[in-house]
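Observations on chain architecture
The chain contents come next:
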Amino acid sequence: MPKMIRFGVLLSCVLLGSLAHAAGGGKKGLKVNSELFDIGIIAGSINIEDFPSQFEPLLGVNITFKASEYFFLQYNFIQTEIGVSSVEANDAIAGFGLEDRDFTHYDLLVGYNIFQGEFFSSDGQANLSNLYVVGGFGDTEMGGESNFTYTIGAGYLIEFARKYLVRIDYRDYIFDSSLLVSEGEETIHNTQFSIGIGYLF
Amino acid sequence: MNKRGVKQVLRFSAQQLVTRWLVGCVCGLALIASNAYAAPVVLEVIDAYAEVHSGPGRGYPVFYVIEQGEKIEILSRRPDWYEIRAKNGKVGWTTTAAISRTIQKTGEPADLPSVGYGDYIKGSFVTGFSTGQFLEGDLEEFDVFTVSGGYRFLAWLGADVEYGRLFGSGSAGDLYAANVFVEPAAHWKLSPFLSLGTGEISMDTQPDQINFDVESATFNTYGLGASYYLGRNFVIKGEYRWYSIDVDDETERFGTWKLGFNTFF
């Protein structure tokens, strides 16, 4: 894949150039420790339509950028394996079986903090918290298909220590799949519940 | 290798690429962040007073007020807010506007990040994403989304590299591009821009429903759009982009609309 290599080289140049610039103190002014990003991992369960709920490890990573007091941008990547659908489990319908049982999804979301608040874990202890909604789009790869996916969701986060946070999230991945229909496509909803931790930097 | 196998390999590479890109970004950002740690910044407030909130949002209650002439230590920064420590040890959050008029121990005005106005976009990194749909030509009704990262050399001039994914019925593909943006009036809240770019499309599958029967093709683009500054470093942008794709020694023209978000840091 020479074009991928070319693209990789190009991207590396930009990243290296930008790092060199950052290291050289490209921006004038006083240096203040910024907390604009957080990076996190999640674990949870996903319910893929027409397939059984997945309590097998659903694992994911995310990176969030705080764009303003209210808005943030988030990149997510999750991976799991899909179970045996009722169609496959039914012996009467022979000859149907998915070879590719990996479910991978990534998306780009914009989030809005609806209720910023504080979580009172004990006397004299207040942790910053946030209830937010997210929406965006991405790619879901399942059973040999690759589908344009809309993501909507809501979540709650608590900054339980100065640099660490906990997130509880609900997500719905919506896309058109032709995997289990004989003709055309059906719109399927895949709901996910997850808990994650993040590190602010 | 059968067709499906080839498809899987292609997929895998694309996925790997995205994963690598994300890992690269994360490492880069970690380096930038670690670079940001420095000696504590102590400033003197020269405005009449500054309110201190319990959190970085306008809804958090005010629990302390810094008086004129009081020295404060800047602990950290979030969009529109600074975390400060007052002389008596109280820690809280003030808006960037509230402490924009502060002076350093030396008596010089403090040049705090995200306080200065004017050419503040110049020399920033830009990252963002967009979604859209092809409206004309063989790729009509293909959905597309892209993620991009770039640099703003001047207030009116920027460049980025873009990775995207295209989805049609029964087919999908990858898109790679490099673009240059000219935005002559970046200080306007609603500001028009012009984009020029070049890149490559490669399809994972050979769709039989459509005439776009190529594995990969190079293209040039030009586009017209507008940015709307929702916040100091957060932009929503809309664009109409024309693709000239070289297929079999002929140039085909496709149009696409795009809607997305960009952010500067």
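Residues numbered from 1 in each chain as written. Chains lettered and ligands numbered in written order. Predicted model: local features only at pLDDT ≥ 70, side-chain atom pairs only at ≥ 80, totals over all residues.

On a plain count of helices and strands, chain A comes out with two helices and eight strands. Every one of the 201 residues in chain A was classed for burial, and the buried ones make up 36%. For chain A, long-range pairs separated by at least 24 residues make up 53% of all intrachain contacts whose partners lie at least 6 apart in sequence. (Helix = DSSP H or I, 4+ residues; strand = E, 2+ residues; numbered from the N terminus. Buried ≥ 20, exposed ≤ 12 C-beta atoms within 10 Å, placed from the backbone. Contact = placed C-beta atoms within 7 Å.)

Right, let's get into the overall build of chain B. Each helix and strand counted, chain B has one helix and 15 strands in total. Taken over 265 residues, chain B has a buried fraction of 38%. Pairs at least 24 residues apart make up 50% of the contacts formed inside chain B by residues separated by at least 6 positions.

The next thing to look at is the sheet that holds strand β11 (residues 171–182) of chain B. Residue and element names in this part refer to chain B. Here we have eight strands rolled up into a closed barrel, ordered β8-β9-β10-β11-β12-β13-β14-β15, and antiparallel in their pairing. Neighbour-to-neighbour, the strand axes of the sheet open up by a mean angle of 25 degrees, direction not taken into account. Bridge analysis of strand β13 (residues 216–231) against strand β14 (residues 234–247) gives twelve bridges, and the strand direction is antiparallel. Residue Phe219 lies in a different strand from β14, and its bridge partner there is Ile245. (Pairing = 2+ DSSP bridges. Axes fitted to C-alpha atoms, helices over the stretch in contact; angles between N-to-C directions.)

Quick look at the pairing of strand β7 (residues 164–177) of chain A now. All names here are of chain A. Only one face of β7 is covered, namely the one carrying Leu165, Arg167, Asp169, Arg171, Tyr173, Phe175 and Ser177; the face carrying Tyr164, Val166, Ile168, Tyr170, Asp172, Ile174 and Asp176 has none of its residues buried. Joining the antiparallel neighbours strand β6 (residues 145–158) and β7 is a turn of five residues. Inspection of the sheet shows β7 paired to strand β8 (residues 186–200) by 14 bridges, in the antiparallel sense. Bridge assignment links Asp176 to a residue of β8, and that residue is Thr187.

Take unusual backbone geometry next. Notably, Asp50(A) is not glycine yet its phi reads approximately 75 degrees, a positive angle. Inspection of the secondary structure puts Asp50(A) in the loop between β1 (37–47) and β2 (53–66). Phi angles above zero are rare outside glycine, and Asp80(B) is one such case at about 70 degrees. The residue Asp80(B) is located in the loop between β4 (71–78) and β5 (81–85) in this model.

Domain assignment breaks chain B into domain 1 (41–104) and domain 2 (120–264). Computed over C-alpha atoms, the centres of domain 1 of chain B and domain 2 of chain B are 41 Å apart. (Domains from an automatic or database assignment.)

Here we take up the nonpolar core. Membership of the largest hydrophobic core comes to 39 residues, with the highest contact counts inside it found for Phe65(A), Ala67(A), Leu73(A), Leu108(A), Val110(A), Phe142(B) and Leu166(B). The residues touching Phe65(A), leaving out its near neighbours within four places in the chain, are Leu36(A), Phe37(A), Phe72(A), Leu73(A) and Thr263(B). Counting 16 residues, the second-largest nonpolar core is a separate cluster that includes Leu43(B), Ile74(B), Ala98(B) and Ile99(B). (Core = buried A, V, L, I, M, F, W, Y, C linked by C-beta atoms within 7 Å.)

Here we take up the confidence of the model for chain A. Looking at chain A as a whole, the pLDDT averages 81, with 80% of positions reaching at least 70. Contacts for the low-pLDDT stretch residues 20–28 of chain A, under 50 throughout, to residues beyond four places or in other chains number eight contacts. (pLDDT = per-residue confidence, 0-100.)

Here Leu36(A) is to be found in the loop between α1 (2–23) and β1. Between the C-alpha atoms of Leu36(A) and Thr80(A), which are 44 residues apart in sequence, the distance is 29 Å.

The next point concerns the pairing of strand β1 (residues 41–45) of chain B. All names here are of chain B. Burial along β1 is one-sided: Val41, Leu43 and Val45 are buried, while Val42 and Glu44, pointing the other way, are not. Here β1 runs beside β4; their pairing, made up of four bridges, is antiparallel. Bridge pairing in β4 places Val42 opposite Glu73.

Residues and elements named next belong to chain B. The topology assignment puts Gly132 in strand β8 (residues 124–134). Taking the C-alpha atoms as reference, Gly132 lies 5.3 Å from Trp257; in sequence the two are 125 residues apart. In this view, Gly132 contacts Val144, Thr256, Trp257, Lys258 and Leu259; residues no more than four positions away in its chain are not counted.

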